Amino acid sequence: MPSDVKTAPSDPDLSLQGANFVIQTDAERHEAINKAFDYRGDVTITLTSGETVEGYMSNRDTDVTNPYIEMWVKDSDEPKQFLYPDIAAIAFTGKDPASGKSWQAWVSKKESERKAEMEKLRQESEEMGHL
């Protein structure tokens, strides 16, 4: 199974929270699944059987004969798999914990923390006579 990497949203200040994708075509299905995979909150999928499942989409695999997603379903201890063709709709029902927080602000904060740590290590090295 390939190890997918979640990415920053194309517009980090725009959240999908509350959005609902009713799938009509395979292209729409792939787009909705890609958005749900990159979403940082829970989603609710509606299966073609009418069943709804809520949880966090943690993985997907399109490089197999029967493409599927994996979700950590609420009240379950292990992820469950759902085949792409069985997904009729995806709703972004969970709170996006990063909503309203800029991706660039996060990157800037992490860079600042790294610089502070490097300066601390430099000072400690100087005090020990290593520099």
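Throughout, residues of each chain are indexed from 1 in the direction in which the sequence is written. Only residues with pLDDT of at least 70 get local features here, since the model is predicted, and only at 80 or more are side-chain atom pairs given and counted; chain-wide, interface and lining totals rely on the full set of residues. Side-chain calculation: all heavy atoms of the structure are included, whereas hydrogens and water are not.

> What exactly am I supposed to notice about the sheet that holds strand S4 (residues 68-73) here?
Hydrogen bonds between backbone groups are what pair the strands of a sheet, and the pairing can be parallel or antiparallel. Two strands are counted as paired when DSSP detects at least two bridges linking them. Secondary structure counts use DSSP, requiring at least four H or I residues in a row for a helix and at least two E residues in a row for a strand, with both numbered from the N terminus. Sheet architecture is open: 6 strands sit in the order S1-S6-S2-S3-S4-S5, paired in antiparallel fashion. Two strands bound the open sheet, and with one partner strand each, they are strand S1 (20-22) and strand S5 (80-83). Neighbour to neighbour, the strand axes of the sheet diverge by 40 degrees on average, direction disregarded. Pairing of S4 with S5 involves 4 bridges; the strand directions are antiparallel. In the sheet register, Met71 faces S5, and the bridge partner there is Lys80. Across the sheet, helix H1 (residues 26-38) is in contact with S1, strand S2 (43-47), strand S3 (52-61), S4 and strand S6 (87-91); its angle to S3 comes to roughly 90 degrees. What counts as an axis is a line fitted to C-alpha atoms, over the stretch in contact for a helix, and the angles between N-to-C directions run from 0 to 180 degrees. Contacts between residues were defined by any pair of non-hydrogen atoms, one from each residue, lying within 4.5 Å.

> Would you mind going over the pairing of S2 with me for this structure?
Exposure categories follow from relative accessible area, calculated using a 1.4 Å probe and restricted to protein chains: below 20% of the type maximum is buried, above 50% is exposed, and the middle band is partly exposed. Of all 5 residues in S2, 4 are buried; the element is thus mostly enclosed. Here S2 pairs with S3 via 4 bridges, running antiparallel. Along S3, the bridge assignment pairs Thr44 with Glu54. Hairpin geometry of S2 and S3 is characterised by an intervening segment of 4 residues between the two adjacent antiparallel strands and by a positive phi of about 100 degrees at Gly50. One ladder, built from 4 bridges, connects S2 with S6; its direction is antiparallel.

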